[in-house]
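Fold and geometry: a report
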Amino acid sequence: MKACQHPEGGFSGGHGQIAHLAPTYAAVLALSLIGGEDAFDLIDRTKLYTWMMSLKQSDGGFLMHHGGEEDARYFSPSRVEVEIGLLIAQCPWLRY
């Protein structure tokens, strides 16, 4: 999974691909299910948050990726990713 983490903070569908909201959603949920320090440390929460906020549009919708389509339905996956990241950051006991 580490090979799919984009330097901007999101995850891609494969090594060297662009960061995309859908694989980021899947990666964050998968790492949350795995749990443990190694899994949670893989998520660069600061970069993930910055990348996700760069996808947010003024009308409340989100782009799936930079230069991609916009849809308000993409708010749900992005909200889940942010909430999991914040929960992990605020509750250290969830990291193990």
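What counts as what
Residues numbered from 1 in each chain as written. Predicted model: local features only at pLDDT ≥ 70, side-chain atom pairs only at ≥ 80, totals over all residues. Heavy atoms only, no water. Helix = DSSP H or I, 4+ residues; strand = E, 2+ residues; numbered from the N terminus. Buried < 20%, exposed > 50% of the residue type's maximum accessible area, 1.4 Å probe, protein only. Contact = heavy atoms within 4.5 Å. Areas by Shrake-Rupley, 256 points an atom, 1.4 Å probe, with all protein chains shown as cover. Core = buried A, V, L, I, M, F, W, Y, C linked by side-chain atoms within 4.5 Å. Arc of directions from axis to C-beta. Expected span 1.5 Å × (residues − 1). Polar contact = N/O pair within 3.5 Å; in protein donor to acceptor, adjacent residues only side chain to side chain.

Section: the overall build of the protein chain
- Tallying secondary structure elements over the protein chain gives four helices and two strands in all.
- Walking the protein chain from its N terminus toward its C terminus, one meets helices and strands in the order α-α-α-β-β-α.
- Counting all 96 residues of the protein chain, 40% fall into the buried class.
- Restricting to contacts in the protein chain with at least 6 residues of sequence separation, those with at least 24 account for 50%.
- For the protein chain, the accessible area works out to roughly 5500 Å², and carbon and sulfur atoms hold 58% of it.

With respect to the nonpolar core
- Formed by 16 residues in total, the largest nonpolar core has its most connected members in L21, L31, L48, W51 and L55.
- Secondary-structure elements contributing two or more residues to this core are α1 (21–34), α3 (45–55) and β1 (62–63).
- Excluding its chain neighbours within four sequence positions, the residues that come into contact with L55 are G61, F62, L63, M64, H65 and H66.

Here's the deal with α3
- All of the buried residues along α3 are L48, W51, M52 and L55. When α3 is viewed along its axis, its buried side chains cluster within an angular range of 95° and face the same direction.

What about α1?
- Its 14 residues give α1 an end-to-end C-alpha distance of 20 Å, which sits within 8% of 20 Å, the value for a rise of 1.5 Å per residue.
- Listed as buried for α1 are L21, P23, T24, A27, V28 and L31. Projection of α1 onto a plane perpendicular to its axis shows the buried side chains occupying an angular sector of 160°, all on one side.
- With its phi angle positive at about 70°, G35 sits one or two positions after the end of α1.

What to know about the environment of Q5
- Among the secondary structure elements, Q5 is positioned in the segment before α1.
- Between the C-alpha atoms of Q5 and P23, which are 18 residues apart in sequence, the distance is 9.7 Å.
- Apart from the residues lying within four places of it in its own chain, the contact partners of Q5 are G10, F11, L42, I43 and D44.
- At a separation of 3.2 Å, a polar atom in the side chain of Q5 contacts the main-chain carbonyl oxygen of L42.

As far as function goes, none of this settles anything; it's purely spatial.
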